[in-house]
Amino acid sequence: MENTPNAGKAAYLLPHKSHATSQGFIFVKSEYKLIKTNIADILYAEGMKDYIKFHLQDGSFYTTLQSLNYYEQRLQHSGFFRVHRSFLVNIFHISCISKNEVQIGKLFIPVGTAYRKQFLDALEGYQ
């Protein structure tokens, strides 16, 4: 790895491709329960004021009282990236990226101006 300021930044933010199927799990506190959730099953997390809604592959979701920043820190090495002040996406589920949005399945999630450059730089280093 080079010793330049941005060298390896994308590799640090995103997991190696071989870890795509072995990302592990987290416990999400929802409705007075701790629910074991496979990280690979999470499509994206949506911030809603003081709550976060985790949207899963099977169409279900969990809502938890926690900050998006908290889960951004916990999931950044598992392929999750902040693309908007209200959205954290799992890059393994992104099917298309355009200038102002990412597509996960049939859903289009906005990419905020403040997050765009860092997000695209990280993806470029991952290809």
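Attention here is on the structure that accompanies the text. The structure presented is a predicted model; accordingly, all values stated were derived computationally and were not measured.

## Focus: the sheet that holds strand S9 (residues 101–104)
And then number 1: Across the sheet, which stays open at both edges, the 3 strands sit in the order S8-S9-S10 with antiparallel pairing between neighbours. Each edge of the open sheet is held by one strand with a lone partner, namely strand S8 (96–97) and strand S10 (107–110).
And then number 2: Where S8 and S9 come together, 2 bridges link them in antiparallel fashion. By the bridge assignment, cysteine 96 is partnered in S9 with glutamine 103.

## Here we look at the environment of serine 60
And then number 1: Tracing the sequence through the fold places serine 60 in the loop between strand S4 (51–56) and strand S5 (61–65).
And then number 2: Using a relative accessible area of 27% as the deciding quantity, one classes serine 60 as partly exposed.
And then number 3: Considered as a pair, serine 60 and isoleucine 42 are 18 residues apart in the sequence and their alpha carbons are 9.8 Å apart.
And then number 4: If we skip the residues at most four places from it in the chain, serine 60 touches Phe54 and His55.
And then number 5: A polar side-chain atom of serine 60 sits 2.6 Å from a polar atom in the side chain of aspartate 58.

What counts, and at which threshold
- Residues numbered from 1 in each chain as written.
- Predicted model: local features only at pLDDT ≥ 70, side-chain atom pairs only at ≥ 80, totals over all residues.
- Heavy atoms only, no water.
- Pairing = 2+ DSSP bridges.
- Helix = DSSP H or I, 4+ residues; strand = E, 2+ residues; numbered from the N terminus.
- Buried < 20%, exposed > 50% of the residue type's maximum accessible area, 1.4 Å probe, protein only.
- Contact = heavy atoms within 4.5 Å.
- Polar contact = N/O pair within 3.5 Å; in protein donor to acceptor, adjacent residues only side chain to side chain.

Just distances and angles here, no functional claims.
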